[in-house]
Amino acid sequence: MNKNRSSIVLIIVLLAILLVLAFGLRYYNGYFFFFDLPDRSGWVGEGSERQYLDRHAGIVKDKVLEIDGEKYYFGDDGYVYKGEIELDGNFYYFDENTGVMRFGWIERGGDRYYYDDEGRKIVDQVYAVGDSVFLFDKGGAEVVGPATIDGEQYFFESLTGMVTDSEIEVGGAWFYYTADGTRFGTGWITLADGRTVYYDGGSGMLFGEQTIDGDPYLLSISRGKKMSGTVYFDGRVFDISESGVVLGIERVPIWSGIDVSVHQELIDWEAVAESGVEFAIVRAGYFASEDLPVFKPDDHYVQNVLGAQENGISVGAYIYLYNWKIEGIEEGIDAFHEHSALNRIRLDLPVFLDVEDKDYFKAGSDEVGGYDYRTALVREGMDYLRSKGYAAGFYTFLNWANREFDAERLFREGYPFWLANWYGNNEDLDPETLSWNDTKPSVWQFRATGEIPGIRKETDKNYLYWDRMP
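Residues numbered from 1 in each chain as written. Predicted model: local features only at pLDDT ≥ 70, side-chain atom pairs only at ≥ 80, totals over all residues. Heavy atoms only, no water.

With that out of the way, let us pick up the sheet that holds strand β14 (residues 145-149). Strand order in the open sheet formed by 3 strands is β14-β15-β16, with antiparallel pairing between adjacent strands. Two strands lie at the open edges of the sheet, namely β14 and β16 (161-162), each paired on one side alone. Pairing of strand β15 (residues 152-157) with β16 involves 2 bridges; the strand directions are antiparallel. Within β16, the position partnered with Glu157 by the bridge is Gly161. (Pairing = 2+ DSSP bridges. Helix = DSSP H or I, 4+ residues; strand = E, 2+ residues; numbered from the N terminus.)

We now examine helix α5 (residues 358-368). Considered for burial, the residues of α5 that qualify are Phe361, Lys362, Gly364 and Ser365. The arc enclosing the buried residues of α5, seen along the axis, measures out at 165 degrees, which places them on a common side. Across α5 from its buried face, at more than 90 degrees, point the exposed residues Lys358, Asp359 and Glu367. By the N-cap criterion, in which a side-chain oxygen at the helix start approaches the backbone nitrogen of a residue two or three places on, α5 is capped by Asp357, the distance to Asp359 being 3.2 Å. Looking one or two residues beyond α5, the residue adopting positive phi is Gly369, at roughly 160 degrees. (Buried < 20%, exposed > 50% of the residue type's maximum accessible area, 1.4 Å probe, protein only. Arc of directions from axis to C-beta. Polar contact = N/O pair within 3.5 Å; in protein donor to acceptor, adjacent residues only side chain to side chain.)

Our next topic: the confidence of the model for the chain. Per-residue confidence for the chain gives a mean pLDDT of 92, with 91% of residues at or over 70. Counted against residues more than four places away or in other chains, residues 28-38, with its pLDDT under 50, gives 29 contacts. (pLDDT = per-residue confidence, 0-100. Contact = heavy atoms within 4.5 Å.)

Let us now look at the pairing of strand β33 (residues 443-450). Burial within β33 is extensive, with 7 of its 8 residues counted as buried. When strand β32 (residues 417-420) meets β33, the two strands line up parallel, connected through 3 bridges. Of the residues in β33, the one forming a bridge with Ala420 is Gln445. Summarising the sheet, β33 and strand β34 (residues 459-465) pair through 5 bridges and their orientation is antiparallel. Following the sheet pairing, Trp444 is matched in β34 by Tyr463.

This is how it looks when you write it as structure tokens:
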């Protein structure tokens, strides 16, 4: 009986020895395990001091390991690495908080970087991300702005990448980037919106009066469109052929025009031009009182300016004044200037400050100085407009001009004066017969009930006297 028991024990010992030889007795992190049991694979430590224990290999070191669907890099010390590191010639980025390998766009230090599906940083190349193409420098930062690649000029924007089939302003000049992203050089081109424009190599799009290949042209001052027909610009009337070549220029001392705002709704500017309108003064918006936005653009300002200009009508603008403090007016002018620049608007007639609001402008300025204060305030506002590059004038009614501030003095000082005096008049008047203080203002608003083809509502009518335009 004892002999049989001893045999059984011997057999068990021999089997145990065979199992140890086959599978081994393992030592992990201070513990012995037999038959690889229990399974002690997993995280060791907390926070930034985490390591990972592999039951077959011990503490993981110098290796990228995928754990629960996330990739980590463990350094030579076995701890989770955080930040960017070069491995086998490629750069990878591991989250600064979690240590997880990051993919896609990452912003660091004010620059954007891209890591592909394998986690590799894209460096020193043009690379497609989805439907967009981006450029990355030698450090992997996204390049934004103009760039030269293999002798060709390109432009890259943040978030959207390479600019194609679009106009872009670079250093104050406008350029066109073609469907393949290369910058158009020198010559005429018809853009998608129908404008035929001219680009002069590194100078970009041309505007205004130009001589091209020996011929005179007139190009829209806002968007460069090649003009044709009868065009009113800079105090002159241009006769232009269908090909765009200027055939003749004439000076006409008095022009007939209109002023419009969102009140006139959508305007057919082609029909307006064909009716003989030579200039338009478009409401840009208003400078607000203290409880309103600094500058509120007129909803139709941009389309009215561009529509009039591209149909050969000379254009100015006016801004209604609620604000009675120079600080507010200057803030409004800054916002107006930014809005106009954003929409590529250039004007060839003045910007007029509309001085007529008795409830805000007059009431507020009465509190701080009255007549003399208003005179100085309008002057300072016009001077600030001039500092932004605009010709600047003022608009008011006859009774305000005579009683509320010194309009005559400002006019004598060289500021264009747009006078409103149309009470009770529903007829077109002879511009030569109109007189204010034995002279004529720069612009006379003589009627508020004009009927103009292309405009559904009644419209103010005006005369512009070029010899009274400083």
